[in-house]
Amino acid sequence: MLFNSFPFIFFLLLTFLFYYIPYFKRQQIYILIIASAIFYAYQNISLLILLCISLIINAATSYSVSYGNPLRQKTYVTIGVAVNIGILIFFKYVPLVARTFLKKDQPIADFLVTIPLPIGISFYTFHGISLLIDVFRNKAGEKKSIVPVSFITHLKNTCFYIIFFPQLIAGPIVKAHDFIPQIKEKSYSQIDWEFCFRHLVIGYFLKMVVADNLKEFTFQITYPYFLTYKSFDLLALLFGYSCQIFADFAGYSTIAIGLAGLFGYRLNINFNFPYSATSFKNFWQRWHISLSTFLMEYLYFPLGGNKYGKIRTYFNLFVVMTIGGLWHGASWSYLVWGFAHGVFLSIERFIFDYFKIKITTSCSTFYSLLVFLIVTLAWLLFRLEFNHALIYLELLFLKPSLSFNQEMFLYITIYSFPIVLYHWYASFKSSLKYLQWRNYEYIAFAILLFLIFFNSGFPGSFIYFQF
């Protein structure tokens, strides 16, 4: 069920109504679990089978870690994490391996390449891993336990944590130790309406006005459409796609944060003006924050982080970013994309450390622009197969031309402008506060609402649904 659809609006209003009826106050969690199951299985009820299996396994193993034989805690958490990773590998990456290494006329190959990819599997398996590791760390005395004594209560909490509909399909990735302590009865009077309104309006604007309009042109970045365009058009398409993917994913995450707020839950910010980043490291502190912090906490630090010398640090960066790239999709181009970002981070870290370079105000704008340009070029690997991306780059750099499609350039400029303005705001928001910007902010939100209702593009699914 798409956030930007009328069935979802009806679903949301109905869920909200039942959730806050005083008679059902003690059943709030069950209401959201049932509603989330309906949301997830709206177009395909069979999707619930694998999700339910995942929920039961994660609840059982995490409960065993907390209350089972103390000598077997590591065994339980290892089994649970391995099952989550196994589920993800089987449904997401086995078809890729089969297409790459098996002959098409083999019966096993015919079966493996047709394995369906359940929507949201990358996100709910990561939630399961977070639950298991957080429970294991809790037992090690790092934090207060998040597992109640009653298994039924723990099963309810686990189901709710993983299946909560705002973040179920495309994040943000929520860590168990951040979310589960929030699970309790909520009151209508506790809703922060301004917080929810801001996030919902901005999120829907980014998705429906910016991303959905840009996609009507950026589809031409795919093969073979781009073969007919000159270098200037290719550059415009690439810039438009860079703005689209940000608007699409940041829009989803921002809507999710607003929706969760309506039910009394806070999800962490997932995007913090990433195209204003002053370095590649800073970019990953701003882009898909929930993924980068997840990989840092559950992979980079356990690998040793930067504790064992520079060579080991570079190796850890390569491993984490490559896995992060492959997490995005079952294609070798995603692996290359992740590896490339590992290269960017390692080179940057080496240069900054070796030459003792610090980004000053005078050169930060230039370096920010360089980071944005390289990040934008790398988005080609999100949209194209690796060999097609090479052809695109060849046309872009080896066959320069100043002629361009004026209509396409105009529309891409118009619908990309809000993203430029959005990031400009990040650079000057302190000055705007000084000018008492909040006194006039309601005008901006009125304009956003007007554009949502009267200038939305043709509705499309969110880009990150495929991951």
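Below, the structure is looked at part by part. (Residues numbered from 1 in each chain as written. Predicted model: local features only at pLDDT ≥ 70, side-chain atom pairs only at ≥ 80, totals over all residues. Heavy atoms only, no water.)

## Digging into the overall build of the protein
Threshold: Helix and strand definitions follow DSSP, with helices as H or I runs of at least four residues and strands as E runs of at least two, each counted in order from the N terminus. Restricting the calculation to C-alpha atoms gives the radius of gyration, and the globule rule supplies 2.2 Å times the number of residues raised to the power 0.38. Only protein chains enter the area calculation, which uses a 1.4 Å probe; residues under 20% of their type maximum are buried, those over 50% are exposed, and those in between are partly exposed. Should any heavy atoms of two residues lie within 4.5 Å, those residues are considered in contact. In this description, accessible areas are obtained by the Shrake-Rupley approach with a 1.4 Å probe, and a residue is regarded as covered only by the protein chains that are shown. The positive count covers Lys and Arg only, the negative count covers Asp and Glu only, and His and the chain ends enter neither. Charge placement uses NZ in Lys and CZ in Arg. For Asp and Glu, CG and CD serve respectively.
A tally of regular secondary structure across the protein gives 20 helices and zero strands. Rg of the C-alpha trace for the protein: 23 Å, near the compact-globule value of 23 Å for 467 residues, within the 12% margin. Principal axes of the C-alpha set define a box for the protein whose edges measure 70 × 55 × 55 Å. Taking all 467 residues of the protein together, 52% fall into the buried category. Counting only contacts in the protein whose residues sit at least 6 apart along the sequence, the fraction spanning at least 24 positions is 77%. Of the accessible surface of the protein, which amounts to about 23,100 Å², a share of 68% is contributed by carbon and sulfur atoms. Distance between charge centres in the protein, computed from 34 positive and 19 negative side chains, equals 10 Å.

## Considerations on the nonpolar core
Soluble globular proteins: nonpolar side chains tend toward being buried together. The condition is simple: Side-chain atoms within 4.5 Å link the members of a nonpolar core, which is a set of buried Ala, Val, Leu, Ile, Met, Phe, Trp, Tyr and Cys residues.
Ranked by internal contacts, the top residues of the largest apolar core, which has 140 residues, are Phe8, Tyr265, Tyr275 and Trp379. The element best represented in this core is helix H11 (residues 231–262), accounting for 18 residues. Ignoring any residue separated from it by four or fewer positions in sequence, one finds phenylalanine 8 in contact with Met1, Leu2, Phe3, Phe39, Phe165, Tyr204 and Leu259.

## Side note on the packing of aromatic side chains
The line we're drawing: Only Phe, Tyr and Trp rings take part, Trp by its six-membered ring, and two of them pair if their centres are within 6.5 Å. Stacked means planes under 30 degrees apart, edge-to-face means over 60, and tilted covers everything else. Criterion for a charge above a ring: Arg CZ or Lys NZ at most 6 Å from the ring centre, at most 35 degrees from the ring normal.
Throughout the structure, instances matching the rule amount to 68 aromatic pairs. Here the aromatic rings of phenylalanine 239 and phenylalanine 372 are separated by 6.1 Å at their centres, their planes lie at 80°, and the arrangement is edge-to-face. Separated by 133 residues along the polypeptide, phenylalanine 239 in helix H11 and phenylalanine 372 in helix H16 (residues 361–378) bring together distant segments of the chain. Over the face of the ring belonging to tyrosine 265 we find lysine 186, whose NZ or CZ atom lies 4.3 Å from the ring centre.

## Quick word on the pattern of salt bridges
Quick note on the threshold: One side-chain nitrogen of Lys or Arg within 4 Å of one carboxyl oxygen of Asp or Glu is enough to make a salt bridge.
Scanning the model with the defined rule gives nine salt bridges in all. With a closest N to O distance of 4.0 Å, glutamate 297 and lysine 175 form a salt bridge. Taken together, the residues span a long stretch of sequence, with glutamate 297 in helix H13 (residues 289–300) and lysine 175 in the loop between helix H8 (165–168) and helix H9 (176–179) at a distance of 122 residues. Judged by relative accessible area, glutamate 297 falls into the buried class, the value being 18%. Its salt-bridge partner being lysine 207, residue aspartate 248 comes within 2.8 Å of it at the nearest N-O pair. One end of the pair, aspartate 248, is in helix H11; the other, lysine 207, is in helix H10 (residues 193–218), and 41 residues separate them in sequence. Accessibility expressed as a relative area gives 2% for aspartate 248, which makes it buried. Note on lysine 207: relative accessible area 1%, which makes it buried. Among the charged side chains, a salt-bridge network with shared partners connects Arg137, Lys175 and Glu297.

## Here we look at the packing of helix H14 (residues 310–328) against helix H15 (residues 332–354)
Any two packed helices are characterised by how steeply their axes cross, that is the angle between the axes, and by the distance between the axes. We count it as follows: A fitted line through C-alpha atoms represents every axis, and for helices the fit uses only the stretch in contact; the resulting angles, taken between N-to-C directions, go from 0 to 180 degrees. An angle counts as roughly parallel when it lies under 35 degrees, as roughly antiparallel when it exceeds 145, as roughly perpendicular when it falls between 65 and 115, and as oblique in every other case. Whether a crossing is left-handed or right-handed is set by the direction in which the near helix is turned from the far one by less than a right angle, anticlockwise for left-handed and clockwise for right-handed. Residues are sorted three ways: Asp, Glu, Lys and Arg are charged, Ala, Val, Leu, Ile, Met, Phe, Trp, Tyr, Cys and Pro are nonpolar, and all the rest, Gly among them, are polar.
As a packed pair, H14 and H15 sit with axes 7 Å apart at the nearest point and diverge in direction by 150°. With respect to their mutual orientation, H14 and H15 come out roughly antiparallel. As for the relative orientation of H14 and H15, their crossing is right-handed in sense. Classifying every residue of the contact of H14 with H15 by side-chain character gives 12 nonpolar, eight polar and three charged.

## Overview of the side chain of serine 130
In plain terms, the rule: Whenever two N or O atoms come within 3.5 Å, that pair is a polar contact, provided that in protein one can donate a hydrogen and the other can accept it, and provided that, for residues adjacent in sequence, both atoms are side-chain atoms.
Position of serine 130 relative to the elements: it lies in helix H6 (residues 121–139). For serine 130, a relative accessible area of 1% gives the class buried. Only 3.0 Å separates the side chain of serine 130 from the backbone nitrogen of alanine 176, close enough to count as a polar contact. Look past the residues within four positions of serine 130 in its chain and what remains in contact with it is Tyr161, Val174, Lys175, Ala176, Phe294 and Tyr298.

## Topic: H10
In plain terms, the rule: The span expected for a helix works out to 1.5 Å for each residue beyond the first. At any given residue, the bend is defined as the angle formed between two axes, one fitted to the seven residues that end at that position and one fitted to the seven that begin there.
Between its first and last C-alpha, H10 extends 35 Å over 26 residues, near the 38 Å set by a 1.5 Å rise per residue. A bend of about 30° at alanine 211 is the largest found in H10. Within H10, 19 of the 26 residues are buried, leaving the element largely enclosed by the surrounding structure.

## Quick look at helix H2 (residues 28–40)
Taking 1.5 Å per residue, 13 residues should reach 18 Å; H2 reaches 18 Å between its end C-alpha atoms and fits that length. The buried fraction of H2 is high, at 10 of 13 residues.

## Observations regarding unusual backbone geometry
Following tyrosine 223, the chain continues to proline 224 via a peptide bond in cis, the omega torsion being 5°. Of note in this structure, phenylalanine 273 is not a glycine but carries a positive phi near 50°. Secondary-structure assignment places phenylalanine 273 in the loop between H11 and helix H12 (280–284). Backbone geometry places histidine 288, a non-glycine residue, at a positive phi of 40°. Structurally, the position occupied by histidine 288 is in the loop between H12 and H13. For histidine 288, a relative accessible area of 0% gives the class buried.

## Re the environment of tryptophan 332
With respect to the element layout, tryptophan 332 can be found in helix H15. Beyond its immediate stretch of four places on either side in the chain, tryptophan 332 contacts Leu96, Thr100 and Phe101.

## Observations regarding a nonpolar patch on the surface
So the rule is basically this: What makes a patch is a set of residues exposed beyond 30% relative accessible area and free of salt bridges, joined within 9 Å when like-charged and within 5 Å when nonpolar (Val, Leu, Ile, Met, Phe, Trp, Tyr).
A cluster of nonpolar side chains, namely Ile347, Phe350, Ile351, Tyr354, Phe355 and Ile357, defines an oily patch on the protein surface of about 590 Å² accessible area. Along the chain, isoleucine 357 falls in the loop between H15 and H16. Overall, the relative accessible area of 36% leaves isoleucine 357 in the partly exposed class.

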